[in-house]
Every structure is written in structure tokens, then in C-alpha cells.
Amino acid sequence: ADGDLLFNVNSDIRFNPRAAEQPERPNEDHHEEFLPTGETSIDSYPNWLKFHIGINRYELYSRHNPAIEALLQDLVSQKITSVAMKSGGTQLKLIMTFQNYGQALFKPMKQTREQETPPDFFYFSDYERHNAEIAAFHLDRQVEWICIRRKGEILILDFRRVPPVAGRLVNMTREIRDVTRDKKLWRTFFISPANNICFYGECSYYCSTEHALCGKPDQIEGSLAAFLPDLSLAKRKTWRNPWRRSYHKRKKAEWEVDPDYCEEVKQTPPYDSGTRILDIMDMTVFDFLMGNMDRHHYETFEKFGNETFIIHLDNGRGFGKYSHDELSILVPLNQCCRIRKSTYLRLQLLAKEEYKLSLLMKESLLKDKIAPILYQPHLEAMDRRLRIVLKAVSDCIEKDGYDNVVENDFNTDVNTVTTER
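Report on the accompanying structure. A quick note: this is a predicted structure, and the numbers were derived from the prediction, not measured.

Another aspect to go through is the pattern of salt bridges. Taken as a whole and assessed by the stated rule, the structure comprises 28 salt bridges. Taking the shortest distance from any N to any O, the salt bridge between Arg168 and Glu175 comes out at 3.1 Å. Each member of the pair, Arg168 together with Glu175, is buried. A salt bridge links Glu263 to Lys266, with the nearest nitrogen and oxygen atoms 3.3 Å apart. For Glu263, a relative accessible area of 41% corresponds to the partly exposed category. The partly exposed category is assigned to Lys266, whose relative accessible area is 24%. Connected via shared salt-bridge partners are Glu59, Arg63, Asp158, Arg160 and Arg346.

Structure below.
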């Protein structure tokens, strides 16, 4: 239905790349229009635009959308024409614009694959990891599964709520310094004593000479996350996560001291009807498997009201510790004792030896240009955490009964689309 699509594309619409441009674009006097007009076939649209017009009420992209693989390729191969710092946020992120007018958010490498978050770091001062962004995208989607006897598709979490992310080796001189018009960024470039190109930009945390990002000599790894449609074209609503942490060194959040907190949440819109509480449970499982404690807000597309999915944005603080399972991330599931049947069945499948989560993730991540993405102990930690999630659901079922815990989302019209999409 038209109401289920983010954009209703028809032959009278002329797509204008200017609509998605940032004010800091260097090509303001560039008059050629790359994007097709209404007279051309949708097949000629750039892949980032195909991604945008495929967004619907239930998912960011459909299970077999060929534009997604093509977009991932674009993220690692398209010429970078402009770079600017992203405003807001605590750590340095760059907005990169490509020759085909697509844009992506670049998070540079700050830690090696083997490094864990230091034990004395608070979750709100942890590094944002580029490889966590890449791994989160793969965890959220599907993987082509191949073994000796058969070949097929195995879905990992199959949520499809994370925008496409790919790893890329970027030349800091040619692809950042030489194409930026952001003077504040440009001024922070320097050559280190080891003759490597470095820069640090401007941000709240870790933007100083001591925390500079240095290339080898000028190559740096990073993640590139495809932009969602511009807010002027598709407004998003930002919601405070009910299980948000206090972001304070000493204070606790209400959910940490009140075991009946979920009952209060379930009486508050939008959690008192529809599927939003189940979406929160999906996000809880997703974050627990990654060890992500930094989910203070979430977003939805305004057009779809409350009956739509949660977009899983900003996953860079996942995969920080493989030697520790942060059980507090699972509190929403433990308190509410609710989960979608489709999610529960998928988790049970991923716990089986032949469809093991760590093996599927490892295979999926090998497709990325900067593989390996995750250190092996992180993959093994996901298997361990999956068992903890299944034990939590099992305890809930024992306490409240299967039908009160597991929501059959295969029967209703909305969720039939959601599970079979």
C-alpha cells in the first residue's frame, strides 16, 4: 500500500540532488544533474536512491533488494568529492559525499581488533569502534550460507533495521584533507614524528593531538554508513529509550532500582498498544549480543506513526568487551518477559551447531573489504550471550507461560508482512 512506503515514486517527480546536499558541499556551482528525471527508468537511479525509495513501514530494505549489495560496493569504491565534520556527538565523525551525490558517515579506526574497552572506562566515555558499526549491520541482516552439501540463505537476526555499512581504506591526504572545505578540520592535520599523516578534528572526547588519528603513512581504516533520506524529505521522530542509562558516574536510572518498571512503561504511549514494546525487546537482544550499553534514544520515521520499526542507528559502542557479558543490557527482556515468536525461533536456530551464530557472522563479515572485522573471542562471546538470552526467555516462559511471553507475530496482518517480507 502507498501508505506503507516512505516515498511514493511516480513519473511526474523530478529528483533533485540539491535536496540531499549538506551546506558545506564544495560543488555549489556545479550545474550538471546526475540524478535522473521522471522520464528515465528507476534502474538508472544511483544505488543510494534505490535504497531510499525501498524503505517502508516494516524495514529499511527488503530481503532480496539487489541495490543493497550494489550500495555496499559504492561505499568502498565511489570517488569522495567532499568531506566535513558532523556536528553534535561526542566523537569525531565525518560526512563524506560521493561523485554520485550519495553520502555516508565515516567513523575512523580508533582501536585494533584485539583491544578491549579499558575496565575503568564508563560506557559513555568508551571509544566508538568502526568495526562495531560494520559487524552490527551484518548481525542485523542475512548471510549467504554455504557448506559442502548445500547452499542457501540463513538469516542472522533478519531485522533489516541498520542502514548499510561497509569498511573502507581511505587515503587521508587525497580523500579527506585535499577535498574538505571545513577549515576547522583542515587545520588539525599534521605529520607525526614517525612521518605519518594525522588529524584530530573537533569534538567533545578524544579530539586532541594526544588522541590523533594517524595513517600508515596516510591510509586509515574506517566504516562508511549510508545516509538515510534527508530530514527535509523524510522526518524522523526521536524517542527516549525507556531503559536509558543515567549517563552519570554515581546515579542509577529508575529501571535499575525498580523491578516492576516495565509495568509502568507498558501503561505509557506508545508502549501501551501496537508492537513498540516488542521492537524494544528486539533491540535489547541485538544490543546484548553486541555488548552495546549506549542506547539512550532511538528513531522512527514520522510518516508511519507508532506502527513501524525502530531504526538501529549508531552501534559503534558495541563489541568493546569479549571477556564480559553486560547483563544489565538484558533488563528490559527480564522485566517485561515478552518476545516475538519470529525472533525467538530465529535465536533458537542460531543456537544450533549447524547454524551457529558465530560461524554465520564470521562468514558474512568475510565479504567486507577490511576483513577480518571481529576478533575471534568476540564471535565466541556472541554464542555465549545467545545462550544467556535463550535462558532468560525460558525462565520467563516457566514463570508466566509460553502464550504470555511469546507473541505470535505470524497471524496478524501487520506482522505477517513483517515476518514474511
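Moving on, there is more to tell.
In this section: the layout of surface pockets. By volume, the second largest pocket amounts to about 380 Å³. Forming the walls of the second largest pocket are 18 residues, and the residues nearest its centre are Met109, Lys110, Gln111, Leu213 and Cys214. Contributions of two or more residues to the lining of the second largest pocket are made by β9 (213-214) and β10 (219-226). Per-element tally for the lining of the second largest pocket: the top contributor is β10, with 3 residues.

With that settled, consider empty space enclosed by the protein. If you roll a probe as big as a water molecule over the atoms, it shows you where there is empty space left. Going through the model one piece at a time under the given rule, you end up with 6 cavities of 30 Å³ or more. Of the voids in this model, the largest cavity is the one considered here, and its volume is about 160 Å³. In this structure, the largest cavity is lined by 14 residues; those nearest its centre are Asn241, Trp243, Asp287, Arg295 and Ile329. Of all the elements, helix α7 (residues 276-290) adds the most residues to the lining of the largest cavity, at 4 residues. Taken together, the residues that form the lining of the largest cavity break down as 7 nonpolar, 4 polar and 3 charged.

This part takes up the state of the cysteines. Enumeration according to the criterion identifies 4 disulfides in this entry. The disulfide partner of Cys198 is Cys214, and the S-S distance across this bridge is 2.1 Å. Disulfide Cys198-Cys214: torsion about the S-S bond near 110°, hence right-handed. Of this pair, Cys198 sits in strand β8 (residues 197-199) while Cys214 is found in strand β9, placing the two residues 16 residues apart along the sequence. The class of Cys198 is buried, set by a relative accessible area of 0%. Each sulfur of the disulfide joining Cys203 and Cys207 lies 2.0 Å from the other. Disulfide Cys203 to Cys207: torsion about the S-S bond roughly 105°, handedness right-handed. Taking relative accessible area as the criterion, Cys207 reaches 17% and is therefore assigned buried. When the cysteines of the chain that form disulfides are numbered from the N-terminus onward, they connect as 1-4, 2-3, 5-6, 7-8.

Moving on: the sheet that holds strand β1 (residues 80-85). Strand order in the open sheet formed by 5 strands is β1-β2-β3-β10-β6, and the pairing between neighbours is antiparallel. Where the open sheet ends on each side, the last strands, each with one partner, are β1 and β6 (165-171). Pairwise comparison of adjacent strand axes, ignoring direction, gives a mean angle of 35° for this sheet. With 5 bridges joining them, β1 and strand β2 (residues 94-98) adopt antiparallel strand pairing. Residue pairing across strands places Ser82 opposite Thr97, the latter belonging to β2. Along the sheet, helix α2 (residues 66-77) contacts β2, β3 (103-108), β6 and β10; its crossing angle with β6, the most-contacted strand, is approximately 15°.

The next point concerns the environment of Ile370. By the element assignment, Ile370 lies in the loop between α10 (357-365) and α11 (376-400). With relative accessibility at 8%, the residue Ile370 sits in the buried group. Placed 239 residues apart in sequence, Ile370 and Asn131 show a C-alpha to C-alpha distance of 9.0 Å. Residues within four places of Ile370 in sequence aside, it is in contact with Arg113, His130, Ile134, Gly167, Arg168, Leu169, Glu221 and Gly222.

The rules behind each value
Residues numbered from 1 in each chain as written. Predicted model: local features only at pLDDT ≥ 70, side-chain atom pairs only at ≥ 80, totals over all residues. Heavy atoms only, no water. Salt bridge = Lys/Arg side-chain N within 4 Å of Asp/Glu carboxyl O. Buried < 20%, exposed > 50% of the residue type's maximum accessible area, 1.4 Å probe, protein only. 1 Å grid on protein atoms, 1.4 Å probe; cavity = no way out; pocket = protein on both sides within 12 Å on 5 of 7 lines; lining within 4 Å. Points joined across faces, edges and corners; volume = space filled by probe spheres on them. Helix = DSSP H or I, 4+ residues; strand = E, 2+ residues; numbered from the N terminus. Nonpolar A, V, L, I, M, F, W, Y, C, P; charged D, E, K, R; others polar. Disulfide = S-S within 2.5 Å. Pairing = 2+ DSSP bridges. Axes fitted to C-alpha atoms, helices over the stretch in contact; angles between N-to-C directions. Contact = heavy atoms within 4.5 Å.

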